[in-house]
Amino acid sequence: MRNLIVLTVLGSLAAAPTSPDAHRFERKLPAVRMEEHALSRLTFGARPGDLQAIHKLGVKKWVDLQLDPQRIPENPALEAKLKPLETLWMTPADAVLRYPRRPAAKADGGGETDIAPSTLLTPEQLRTLRRGAPDDKRRLIASLPPDTLGRLIEALPRGGRQQLLTLVSESDRRKILLLNAPRSIPNHDLAQGKILRAVYSERQLAEVLADFWFNHFNVNLDKGADRYLVAAYERDAIRPGVLGRFRDLLGAAARNPAMLFYLDNWQSVAPSQARGNRRRGLNENYARELLELHTLGVDGGYTQKDIVEVARCFTGWTIRTPRLGGGFEFNERIHDKGEKVVLGVTIPAGGGMEDGERVLDILARHPATARFISRKLAIRFVADDPPQKLVDRMAKTFTSTGGNLRAVMRTMLQSKEFWSEGAWRAKLKTPFEMAVSAVRASGAQVDYAFPLANQIAQLGQPLYRKMEPTGYSAASVDWLNSASLVGRMNLAAALAHNRIPGVSAADIDLYASASRETRASVDRAAEGNRPDRATLNGLVLGSPEFQRR
Amino acid sequence: MFSRRLLLKSSALAMFAEGAAPGWLARAAGLSDGQPSRRRKVLVAIFQRGAVDGLNMVVPYGEADYYALRPGIAIPRPAGDGESAIDLDGFFGLHPSLAPLKPIFADRRLAIVHAAGSPDPTRSHFDAQDYMESGTPGRKSTADGWLNRALPDSKASPVQAVNIGANLARSLRGPHNAIAMSSLADFQVRDVRSASSFEAMYGADPLMAAPARETFEALRVIEAVRRSPYAPANQAVYPSSRFGQSMEQIARLIKADCGLEVAFTELGGWDTHVNEVGAKPSAGQLANLLADFGQALAAFHSDMGDRMSDVAVVTMSEFGRTARENGNRGTDHGHGNAMFVMGGQVRGGKVYGEWPGLTPAKLYEGRDLAVTTDFRDVLGELTVRHLGASSPDRVFPDHRQRFCNLIA
């Protein structure tokens, strides 16, 4: 019997992603797989019970609901977890003030008060704190009155504080970080927020799309002032627009200080105004990436001359005091007021900020943009090499609806290609998707997401820290390197054995609820041995099947 | 073919014993079609992140303007007292903390290219590192790194390209398989009981079987390297710093003959805006960093011994620093810089590159050392003349290669 299963599994996998079978996008997925497919593509992975829920509601209704996230009540647990992550809700200017680049106090040495830790804890408690097992430390911390813990945090040296991070509540963590490294808080909040939303949000498709569009309009928080600008960028420019009009999303990204800083447009000055200041002049970075990565695509039919003309249109789109978290500003004095010709369209001389807006209009309406965006969505949601016919239909919807992204998504989600054998498990999860889906599958609770973010970074996907404007690749092959595969296996085992601080796995039997394919694969690999439950769970989470979606 | 044999041999090794020499293993595995194995050329690339002050690292002590521009932080002319430049050629001298490199220079195995750098004017660490690592200054959308493109297409060994560091550096990203590890100890499936189960599962997966096979081969090779005890040769002592340890790990991999062709590692902290130089030239931030840097390179050189004939080491940093000191005993972001090239086939003992001078009119944008040698010329020459690529065009597209004739 087991051999039979193995044979069918091999048969079905052999027909899967890499085979050149041209008809695989024509063959409809069996009804039993549609629910699983919807969960694996449109969410960050199924939680225990999700399959039953989608079955009960019906796939079609479930998809409609996900396309209209405002109708889905948000998970109150998520809201409670996000609330303390203050920089997600602040203006950049406030964040700069509250979490300055350098600690205000003499934090390097620690010991902000004259109180010695020995006056707060018994010698035995101090020993536990210094050398105890993690569980003993946790018990000790939990036993302290809140006000003692607060004073202890202040009294401890820097390193002593840092090791408490995984043991205390979010509010005490902030106290520690504020003393030790306030500038790390924006990054800390962003990475935690992203993981918590992906794990806990009920509006899963909207979260998947927020990830997609942030990545499309990538910025990097390690670039100077962007540390304090990225949270507001994601919140104000990206998240509201993921199911709206492409033109709105494009415009919001273009005007946002995080993007203006990241791609240097804030420093771009009309050549005629740059005289006498040799360090300033026209900067083409934003113009180039706007055409190549945000809209037309590298084969979108533009020239180097177009890049220069677009850059001239955007001169004057700048930032008030970027290092202080200042906002967008149009500076008339450095704007190039001459005539420009962009992709054959003349933008007359004498214009101001509207020159840039005109460029965005031209680009958002361009057929190459409709194709480029449609194809990129299809690569994320259907397959690495999506059928051209599907891309064409999505592009047609894009054009006919004036770039309505919800309509484009609907065209894709109603297509036979999306629900085909060709799409089934055809994608490899990114490290972020793998880690989050493993947490969701295990029914794990996340109290502190930063250690998990570090694990994801180790797998090659540091969150909000992709240096290049390309964002992270959606192509499976880019995630198939040795370091990453070893890392995935290790992360799977660490999660299953509850060794990631801040994440606590439920007592759950993933083997029993795994797919037939995964069970067969684990059985075959275990060669008759019966590993313990945690090890089995680790094998399921680290299995090749689990790396796919 | 090589890797399949290696798999068999290394499985055999695993069954044999802890002490078996991985050198034997790889050499035996390298006997393809009855031909004797050829020792591979290895290129080691080192990135000094943060922009090292090239003018205090390789001091133009023969230039009066250097002392005029840096009244407080210049390294004095050679005086043999450990607090002054170590003379190289009557014009340039090494920072006193780089004393361990002097014998290698005298031995003509260390060359320096001064006033090297990128044609791109950026003074952003972020952009300049990106451009130097992608190998395409001014072009941000290049997906892969120069060192990955420099790898030969033939997939020779599962550990052909190794990055000692937590993440795969931009330089090594790309279509060729490259491994990143903080250390040899870090690269293993930690749950030992699950390792063989994972291998069996991945082996049966059509999409992942091939990369997984490479991965498990690499794991076995690294395990074999890890298991064989290692002591540096010739009394070489690596610094206990992260960089020193990284260089030792690279030396281990090279000597294990496991097929390594390119290695990358990095060290940071060079962004010396404040208190670059301490109370005396041999003290302060830059001196400490250079001491670590020089000791690690010298330890590597003596540890490698004869094997240096197959090895070239090249160092780079995203840009240089201002010719003039600032108001905080430091320097700000500049332009031209110095690169080291060390190896058995290197025509060393010479400071290469056209020296543009430091008179105000010669400074780039009135403030920095100008660039007279494109960093791609140095790296391109190593790609062609050391690694044996037929042309540097694939590695540095849209660049016209000029050879410095650094390699014999």
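Check the entry above for the structure.
Residues numbered from 1 in each chain as written. Chains lettered and ligands numbered in written order. Predicted model: local features only at pLDDT ≥ 70, side-chain atom pairs only at ≥ 80, totals over all residues. Heavy atoms only, no water.

Enquirer: Before we go on, may I ask you to explain the pairing of strand β6 (residues 161-164) of chain B in this structure?
Expert: The side chains of a regular strand alternate between both faces of the sheet. Residues and elements named next belong to chain B. Here β6 shows two buried faces, one formed by A161 and N163 and the other by V162 and I164. Across three bridges, the pairing between β6 and strand β7 (residues 179-181) is parallel. Bridge assignment links I164 to a residue of β7, and that residue is M181. (Buried < 20%, exposed > 50% of the residue type's maximum accessible area, 1.4 Å probe, protein only. Helix = DSSP H or I, 4+ residues; strand = E, 2+ residues; numbered from the N terminus. Pairing = 2+ DSSP bridges.)

Enquirer: Looking at this model, I keep getting lost on the environment of T215(B). Mind explaining?
Expert: Structurally, T215(B) is set in helix α9 (residues 209-227). Exposure remark for T215(B): the relative accessible area of 0% places this residue in the buried category. For the pair T215(B) and V192(B), spaced 23 residues apart in the sequence, the C-alpha separation amounts to 15 Å. Apart from the residues within four sequence positions on either side, T215(B) is in contact with S482(A), L485(A) and V486(A). From its side chain, T215(B) meets the backbone oxygen of P211(B) in a polar contact 2.8 Å long. (Contact = heavy atoms within 4.5 Å. Polar contact = N/O pair within 3.5 Å; in protein donor to acceptor, adjacent residues only side chain to side chain.)

Enquirer: What is the right way to look at the packing of helix α20 (residues 367-381) of chain A against helix α21 (residues 388-400) of chain A in this model?
Expert: Angle between the axes and distance between the axes: these two values describe a pair of packed helices. All names here are of chain A. Orientation of α20 relative to α21, taken along the N-to-C sense of each, is 125°, at an axis distance of 8 Å. For the element pair α20 / α21, the angle class is oblique. Crossing geometry of α20 relative to α21 is assigned as right-handed. Contacts between α20 and α21 involve T369, A370, R371, I373, S374, R375, L377 and A378 from the former and Q388, L390, V391, M394, A395, F398 and T399 from the latter. A class-by-class count of the residues in the contact of α20 with α21 yields nine nonpolar, four polar and two charged. (Axes fitted to C-alpha atoms, helices over the stretch in contact; angles between N-to-C directions. Parallel < 35°, antiparallel > 145°, perpendicular 65-115°, else oblique. Left-handed = near helix turned anticlockwise from the far one by under 90°. Nonpolar A, V, L, I, M, F, W, Y, C, P; charged D, E, K, R; others polar.)

Enquirer: I keep staring at the pairing of strand β10 (residues 337-343) of chain B and nothing clicks. Help me out?
Expert: All names here are of chain B. Burial of β10 is extensive: seven of the seven residues sit out of reach of the surface. Side chains of β10 alternate between two faces, with N337, M339, V341 and G343 and A338, F340 and M342 buried alike. Both strand β5 (residues 110-117) and β10 contribute to a ladder of five bridges, which runs antiparallel. Residue pairing for β10: I112 is matched across the bridge by F340. As judged from the three bridges shared by strand β9 (residues 311-316) and β10, these two strands associate in the antiparallel manner. Bridging across to β10, V313 finds its partner in M342.

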